[in-house]
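# Observations on the model geometry
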Amino acid sequence: MTQMQDDAAAVALARDGHEEGFRILVERHSRHVFRLACRMTGRQEDAEDVVQETFIRAFRQLGRFEARSNFSTWLYRIAYNCAIDFIRGRPHRENAEERETLEAMSESVSTPDAHDMVYAGEISERVQTALEGLSPKERAAFLMRHYHGHSIEEIGASLGMKTNATKHSIFRAVKKMRVALEPLL
Amino acid sequence: MTPHITDDELILHFYGEAPTDAPRIDQHLAQCVDCHTNWAQLQRTLQMVDSADVAEVPVGFERVMWARIQPQLPQKTARVSWWSPKVWAPVAGLAAVIALAFISGGLWQRTGGGTTPKVNTDVADAKTVRERVLLSALGDHFEQTENLLVEIKNAPEPGGPGGKDVRRVDLSYEQQAARDLIAAGRLYRDTATRNGDMELSSVLEDLERVLVDVAGSPEHMNTQDLKSLRARIEDDSLLFKVRALTTAVREREKTLSTQSAKSVRTL
């Protein structure tokens, strides 16, 4: 049985009112949703809240899930939207502060021959800072394209954006990444 | 030479979002040093993004998350009895087919075959039929689990003397089987727990732990991994427990069959 068939069977169980079916889905997908939420929110505690909210929303919307679709794609779409709502709802961090951080990063010198761990840590930190400098929708659009391989058309449909706006979100995100990571190239 | 490729075009090209422009872009990149350098930098940047780590997923995250989610789910859990086919159908679709076969078979016997079936309102008899069907499904589950454990126990050890040979044993088939059994086993366990059958629930939980280990282990195991897995199976006497349960389930099934046959004869 493929993962997709497994998911479809578990969804059918959950829809039929059996929590066990839904528990299988939580156990199977919560790690991936957590990683996605970490990238979106930048904080582990916030990511946990996003995972929780994602599954609760998914449970409520199970009736709308089409059995032929891919459950994980459907779930990630909900997760991105949950994360967007979550970020919008939390106290706003000064954009200026983020800009300054990014500018400071682009100027700071860090040699690629430094210790591997430090180097890897620096990449992650710079990527996260660049992500935080984007609007929640821009961030989601970029992550969906880059990490999950969704097409621009699919992303637009998932996030309620027009194709051009989706493209520009991705362009903006990539440009931020280039500024943030340029000193490490 | 064609005009330079813009940054935006390169981004779309990187993600495969501009297939019709791809030949033109590739041709230009092959001729233009500036654009080629820009393209190489973009590729490196996005490869770095790929390598960016996120937080480690905490151990036991799934269980903790379920404990947080479960109380918040709208209560639409079906309240069905232990023997309701509804409980079992999703994991043992075959059971429903067998149920029909049993039910129609029973009626067929009672009526001597061929004539219009007599409507039987005996609830106890219907319950017996369902119990037999479900015991059959559970017995099959235990037998499949036993087969899997035996296969792992008897899998040839990889590696040669002195650890020079680093060959690994391929357990991908067993892993897939384990994944299928986990889902079904959880449902049986949940149902057994709800029905107060803690002994059955406990064995199913022990089995699940090992099945999760099998499903989550590397596809190609080295000697150490394989030994450790076998030790788990042996330490918990899992094979013994599974065989005992299979026998008990099959005995009960046989008893019910005999009872059922007697009741048919007395009709």
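### A few points about the overall build of chain B
Of the regular secondary structure elements, chain B holds 11 helices and two strands. In chain B, the succession of helices and strands from N to C terminus is α-α-α-α-α-α-α-β-α-α-β-α-α. The burial tally for chain B puts 24% of its 267 residues in the buried class. A separation of at least 24 residues holds for 69% of the contacts in chain B among residues at least 6 apart in sequence.

### Comments concerning the overall build of chain A
Along its length, chain A carries nine helices and zero strands. For chain A, the α and β elements follow one another from N to C terminus as α-α-α-α-α-α-α-α-α. Taking the intrachain contacts of chain A between residues at least 6 apart in sequence as the baseline, contacts between residues at least 24 apart amount to 66%.

### Focus on the interface of chain B and chain A
At the junction of the two partners, chain B supplies 34 residues and chain A supplies 43 residues. Mapped by element, the contributors of at least two residues to the side of chain B that touches chain A are helix H1 (7–14), helix H3 (33–51), helix H4 (61–69) and helix H8 (172–194) of chain B. Residue composition of the side of chain B that touches chain A, by class: 18 nonpolar, six polar and 10 charged.

### Here we look at H8 of chain B
Between its first and last C-alpha atoms H8 of chain B spans 33 Å; for 23 residues at 1.5 Å apiece the expected length is 33 Å, and the two agree. Phi turns positive, to about 80°, at Gly196 of chain B, one or two residues after H8 of chain B.

### Considering the confidence of the model for chain A
Model confidence for chain A is summarised by a mean pLDDT of 85, while 83% of its residues fall at 70 or above. When mean pLDDT is taken per element in chain A, helix H7 (residues 136–146) of chain A scores highest with 95 and helix H5 (residues 95–107) of chain A scores lowest with 52.

### Focus: the nonpolar core
Residues Ala37, Met40, Ala79 and Ala83 of chain A are the most contacted members of the largest nonpolar core, which totals 90 residues. In this structure Ala37 of chain A touches Ala47, Val50, Val51, Ala79 and Ala83 of chain A, once residues within four positions along its chain are discounted.

### Quick notes on the packing of helix H3 (residues 44–60) of chain A against H4 of chain B
With their axes 10 Å apart at the nearest point, H3 of chain A and H4 of chain B run at an angle of 60° to one another. Taken together, H3 of chain A and H4 of chain B sit at an angle that is classed as oblique. Handedness of the crossing formed by H3 of chain A with H4 of chain B: right-handed. Within the contact between the two elements, H3 of chain A uses Val51, Gln52, Phe55 and Ile56 of chain A and H4 of chain B uses Met65, Arg68 and Ile69 of chain B.

### A look at the packing of H3 of chain A against helix H4 (residues 71–89) of chain A
In helix packing, the relevant descriptors are the interaxial angle and the interaxial distance, both defined with respect to the helix axes. Residue and element names in this part refer to chain A. Where H3 contacts H4, the two axes come as close as 9 Å, and the packing angle between them is 125°. Taken together, the axes of H3 and H4 are oblique relative to one another. Of the two possible hands of crossing, H3 and H4 adopt the one that is right-handed. Contacts between H3 and H4 pair Asp46, Asp49, Val50, Glu53, Thr54, Arg57 and Ala58 from the former with Leu75, Ile78, Ala79, Cys82, Ala83 and Phe86 from the latter. Taken together, the residues that form the contact of H3 with H4 break down as eight nonpolar, one polar and four charged.

### Looking at the confidence of the model for chain B
Residues and elements named next belong to chain B. The predicted model of chain B has a mean per-residue pLDDT of 72, with 70% of residues at 70 or higher. No element of chain B has a lower mean pLDDT than helix H6 (residues 93–111), at 35, and none a higher one than H1, at 96. Taken as a whole, residues 77–121 scores under 50 in pLDDT and shows 58 contacts with residues more than four places along the chain or in a different chain. This model gives residues 160–166 a pLDDT under 50, and the stretch forms three contacts once residues within four places in sequence are excluded. ipTM for the predicted complex: 0.82, alongside a pTM of 0.54.

### A word on the environment of Arg172 of chain A
All names here are of chain A. Locating Arg172 in the fold gives a position in helix H9 (residues 163–181). The exposure class of Arg172 is partly exposed, given the 16 C-beta atoms found within 10 Å. Between the C-alpha atom of Arg172 and that of Leu134, which follows or precedes it by 38 residues, the distance is 8.1 Å. Discounting residues that sit within four places of it in the chain, Arg172 has contacts with Leu134 and Glu138.

### Considering the environment of Asp236 of chain B
Residues and elements named next belong to chain B. Counting through the fold element by element, Asp236 comes out in the loop between helix H10 (223–235) and helix H11 (238–266). A count of 15 C-beta atoms within 10 Å places Asp236 in the partly exposed class. The sequence separation of Asp236 and Val203 amounts to 33 residues, and the corresponding C-alpha distance is 9.9 Å.

Cut-off values and rules
Residues numbered from 1 in each chain as written. Chains lettered and ligands numbered in written order. Predicted model: local features only at pLDDT ≥ 70, side-chain atom pairs only at ≥ 80, totals over all residues. Helix = DSSP H or I, 4+ residues; strand = E, 2+ residues; numbered from the N terminus. Buried ≥ 20, exposed ≤ 12 C-beta atoms within 10 Å, placed from the backbone. Contact = placed C-beta atoms within 7 Å. Nonpolar A, V, L, I, M, F, W, Y, C, P; charged D, E, K, R; others polar. Expected span 1.5 Å × (residues − 1). pLDDT = per-residue confidence, 0-100. Core = buried A, V, L, I, M, F, W, Y, C linked by C-beta atoms within 7 Å. Axes fitted to C-alpha atoms, helices over the stretch in contact; angles between N-to-C directions. Parallel < 35°, antiparallel > 145°, perpendicular 65-115°, else oblique. Left-handed = near helix turned anticlockwise from the far one by under 90°.

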